[in-house]
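Reading the structure
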Amino acid sequence: MRSWDYKPKPVKRVEIPKPGSSEKRKLGIPCVRDRVLQTSIKLSIEPLFDGEFSESSFGFRPGRNQKQAIERAKQLVQNGKEWVVDIDLEKFFDRINQDKLLHLLSLKVDDQRVIRLIAMGLRSGVIHNDDYEPTLEGSTQGSPLSPLLSNIVLDELDKELEVRGLEFCRFADDVNIFVGSRKAAERVLESVTHFIEKKLKLTVNMTKSKAALSSAVKFLGIVIISGMVLISAVSKQLREGFYAPPSIRAR
């Protein structure tokens, strides 16, 4: 690294099933050497960013977890904001604009050598079925640094929602906005979608995004009905299928 002979290796592409979907989730497995470097970078730069992240952001942050996100969502519904704008970001990790991300990093990271190392990692490519594929966009889902980078990208969305006075919960790329009426939910869905696609250069999956009552919106595997937290039907089926004895699963 000191002599700049270091070059990250392409990550190994692995595709795993997405629960409740026929689609595959693309993961990237870096080699051990690159994982050590990325973890070191994360530990070094995370304090520069985390202190200014939104209080409504709960994913992959020190001292924050899914339980807190669910509790916050429950409180918002109990306070009368039963209509939820459920934003689905299509292939979020695969479509992060790398140039925009590097610009956001450079606003707080003064050492351009660190920015260069991150850029090299983002553009190291992937090996899939023994073939090399370049990575001209996106951030490898599965690397130690990727969760922090995703929060840096979506912090711009968090700040926009706060400026608008909207209450929301975000866990990584799962974004739910809570409002008091259907009309407001539909209006927010349209305007926030426009902001995400024009400003953040990301794609909103309109077939999965919706404005609906909290009882019809799954957030981190749960739904909120009349202020009560319940496991969603899809999550319950997956859980029962996983824990059921083989004889039961066979039937």
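Given the structure is predicted, the values throughout are model-derived calculations rather than measurements.

All right, on to the overall build of the protein chain then. Each helix and strand in the protein chain was counted, giving 8 helices and 10 strands. Taken over the C-alpha trace, the protein chain has a radius of gyration of 20 Å; the compact-globule value for 251 residues is 18 Å, and the two agree within 12%. In terms of principal-axis extent, the alpha carbons of the protein chain reach across some 60 × 55 × 30 Å. Per-residue burial for the protein chain yields a buried fraction of 43% across its 251 residues. Put simply, of all contacts in the protein chain between residues at least 6 apart along the chain, 68% involve residues at least 24 apart. Averaging the coordinates of the 41 positive side-chain charges in the protein chain and doing the same for the 33 negative ones gives two points 3 Å apart.

With that settled, the discussion passes to the confidence of the model for the protein chain. Summing up the model confidence of the protein chain, the mean pLDDT is 90 and the portion of residues at 70 or higher is 92%. Considering only residues more than four positions removed or in separate chains, one finds that residues 242-251, a stretch of pLDDT under 50, has 3 contacts.

Grouped together as the largest cluster of nonpolar side chains are 47 residues, with contacts concentrated most on Ile87, Leu105, Ile118, Ile152, Leu157, Ile177 and Ile196. For this core, the elements supplying multiple residues, two or more each, are helix 1 (32-50), strand 3 (83-88), helix 3 (98-106), helix 4 (112-122), helix 5 (146-163), strand 7 (174-179) and helix 6 (182-199). Non-local contacts of Leu157, meaning those with residues more than four positions away in its chain, are made with Val175, Val192, Phe195, Ile196 and Leu200. Of all hydrophobic cores here, the second largest spans 17 residues; its members include Ala73, Cys169, Phe219 and Leu220.

Here is what the cut-offs are and how they apply
- Residues numbered from 1 in each chain as written.
- Predicted model: local features only at pLDDT ≥ 70, side-chain atom pairs only at ≥ 80, totals over all residues.
- Heavy atoms only, no water.
- Helix = DSSP H or I, 4+ residues; strand = E, 2+ residues; numbered from the N terminus.
- Rg over C-alpha atoms; globule rule 2.2 N^0.38 Å.
- Buried < 20%, exposed > 50% of the residue type's maximum accessible area, 1.4 Å probe, protein only.
- Contact = heavy atoms within 4.5 Å.
- Lys, Arg positive; Asp, Glu negative; His and termini not counted.
- Charge placed at Lys NZ, Arg CZ, Asp CG, Glu CD.
- pLDDT = per-residue confidence, 0-100.
- Core = buried A, V, L, I, M, F, W, Y, C linked by side-chain atoms within 4.5 Å.

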